[in-house]
Amino acid sequence: MNMSTLCRMGAAVLIMSLIGCAPARMSLKPSFWKETQLKVGVATLPPQKFAAYRAGSEGLMDMAINSAMSDSLEAHLQRMDASKFAAVADQYVERLTERGLNARKLDKPVNPNLLRSFTAPGSGEFAEKDMRPLAEKEDIDMLILLSLQQCGTIRKYYGFIPLGAPEAICVSKGEMINLKTNEIAWRAYPEMSDAILPIEGDWDQAPDYRNVTRAVDRAMSQAQLFLLKEFFGSARSGAAVSQSRR
């Protein structure tokens, strides 16, 4: 069993574990909109390659078989452009500026792997990594981090038996962190069922998987819309994302 197979098996375990342990959502306090003196930075995380995730009951042998059977789809998903998601950060900056806040998009994605772990001083919700050094480095008070946690396809299995066709999935996450305390001031994370879309028509169209590609693109757009609606409300959010893709 080679390393790439092991990595895909790990991804399958990851998606099954994340279904049951989504982080708690935190609503944005209305007082935030009155704090126009704050400098707000908006950033994304480094884009991750899309993947063919699996869910359900699988043994180790089942995982190896199912991984080998999805090699072609996995290769196609990994060639898709994950960087398109970052357009949502530009929409955040535009909306924040319209509401009178001093906002800008950071020049580079924020890579949590380069930051130190953070030990919470007490009760409350804090970022796992210490984001506070970004306050001086970027000259900002608050940081909005937008990311795709998973994106690609998901298929349910019982052992090595698929329980249906793959579906498109894009799970987005948004957080706003107070860089003075590292405390989370807002967090959005969807229900897993809201992040999944059916693939219209035949999905098994190797090597270009046209219908899969369309479905994953729709799921990404839905993930962007979710973040906009959670932070700004439903008004104009749909138009914002569609304009960013023209």
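Scroll up for the structure.
Residue indices begin from 1 for each chain and proceed along its sequence in written order. The model is predicted, so local features are restricted to residues of pLDDT at least 70 and side-chain atom pairs to those at 80 or more, both for listing and for counting; the totals for chains, interfaces and linings are taken over all residues. Hydrogens and water are ignored here; the side-chain numbers use all heavy atoms of the structure.

### With respect to the overall build of the protein
And step 1. Each helix is a run of H or I in the DSSP string that is no shorter than four residues. Each strand is a run of E no shorter than two, and both are numbered from the N terminus. Counting its regular elements, the protein contains 7 helices and 8 strands.
And step 2. Among the 246 residues that make up the protein, the fraction classed as buried is 46%.
And step 3. The contact criterion used throughout is that any non-hydrogen atoms of two residues lie within 4.5 Å. Put simply, of all contacts in the protein between residues at least 6 apart along the chain, 74% involve residues at least 24 apart. Three labels apply to residues, based on accessible area from a 1.4 Å probe with only protein chains included: buried if under 20% of the type maximum, exposed if over 50%, partly exposed otherwise in between.

### A word on the side chain of Glu175
And step 1. Relative to the assigned elements, Glu175 resides in strand β6 (residues 167-178).
And step 2. Reaching out from Glu175, the side chain makes a polar contact with the side chain of Arg187 at a distance of 3.0 Å.
And step 3. Not counting residues within four places of it along the chain, the set of residues in contact with Glu175 comprises Leu143, Ile144, Leu145, Ile184, Trp186 and Arg187. Definition of a polar contact: a pair of N or O atoms within 3.5 Å, with one able to donate and the other able to accept a hydrogen when the atoms are protein atoms, and with sequence-neighbouring residues admitted only if both atoms are side-chain atoms.

### A closer look at a nonpolar patch on the surface
And step 1. A contiguous nonpolar patch, built from Tyr158, Ile161 and Leu163 and spanning about 360 Å² of accessible area, is present on the exposed surface.
And step 2. Within the secondary structure layout, Tyr158 lies in strand β4 (residues 142-158).
And step 3. Taking the relative accessible area as the measure of exposure, Tyr158 reaches 57% and is therefore exposed. Patch membership is restricted to residues that have no salt bridge and whose relative accessible area is over 30%. Joining uses 9 Å for like charges and 5 Å for the nonpolar side chains Val, Leu, Ile, Met, Phe, Trp and Tyr. Reported accessibility uses the Shrake-Rupley method at a 1.4 Å probe radius. Residues are deemed covered only where the shown protein chains occlude them. A side-chain nitrogen of Lys or Arg and a carboxyl oxygen of Asp or Glu constitute a salt bridge if their distance falls within 4 Å.

### Describing the environment of Asn178
And step 1. Mapped onto the fold, Asn178 is located in strand β6.
And step 2. In sequence terms Asn178 and Ala127 are 51 residues apart; their C-alpha atoms lie 9.4 Å from each other.

### Brief notes about the pairing of strand β1 (residues 39-44)
And step 1. When you tally the buried positions in β1, you get 5 out of 6 residues, the bulk of the element.
And step 2. If DSSP finds at least two bridges between two strands, the strands pair. The pairing of β1 with strand β3 (residues 102-105) spans 4 bridges and is classified as parallel. Counted as the bridge partner of Lys39 is Asn102 from β3.

### Quick word on unusual backbone geometry
And step 1. In the segment running from Ala206 into Pro207, the intervening peptide bond is cis, with an omega of 5°.
And step 2. Along the chain, Pro207 falls in the loop between β8 (196-197) and α6 (210-232).
And step 3. Phi is positive for Asp139, which is not a glycine, with a value near 55°.
And step 4. Among the residues examined, Asp139 registers a relative accessible area of 47% and is labelled partly exposed.
And step 5. For Tyr209, which is not a glycine, the phi torsion comes out positive at approximately 45°.
And step 6. Tracing the chain through its elements places Tyr209 in the loop between β8 and α6.

### Examining the state of the cysteines
And step 1. Cysteine sulfur atoms are paired as a disulfide whenever they come within 2.5 Å of each other. Applying the stated criterion to the full structure yields 1 disulfide.
And step 2. Across a sulfur-sulfur distance of 1.8 Å, Cys151 and Cys170 are joined as a disulfide pair. Linking Cys151 in strand β4 with Cys170 in strand β6, this pair joins segments that are 19 residues apart in sequence.
And step 3. Residue Cys151 is classed as buried on the basis of its relative accessible area, which comes to 3%.

### Side note on the packing of aromatic side chains
And step 1. Only the six-membered ring of Trp is used, alongside the rings of Phe and Tyr, when aromatic pairs are assigned; centres must lie within 6.5 Å, and planes under 30 degrees apart are stacked while those over 60 apart are edge-to-face, with the rest tilted. The tally for this structure, following the rule as stated, stands at 9 aromatic pairs.
And step 2. Where Phe32 meets Phe231, the ring centres are 5.9 Å apart and the plane angle is 80°; that geometry is what we call edge-to-face. Taken together, the positions of Phe32 in the loop between α1 (3-18) and β1 and Phe231 in helix α6 put the pair 199 residues apart, joining distant regions of the chain.
And step 3. Judged by relative accessible area, which is 4%, Phe32 ranks as buried.
And step 4. A relative accessible area of 4% places Phe231 in the buried class.
And step 5. Through a chain of ring-to-ring contacts, three or more aromatic side chains come together here, namely Phe32, Trp33, Tyr92, Trp186, Phe231 and Phe232.
And step 6. Sitting over a ring, as applied to charges here, requires NZ of Lys or CZ of Arg to be within 6 Å of the ring centre and within 35 degrees of the ring normal. A cation over a ring is seen here: Arg99 above Trp33, with NZ or CZ 4.4 Å from the ring centre.

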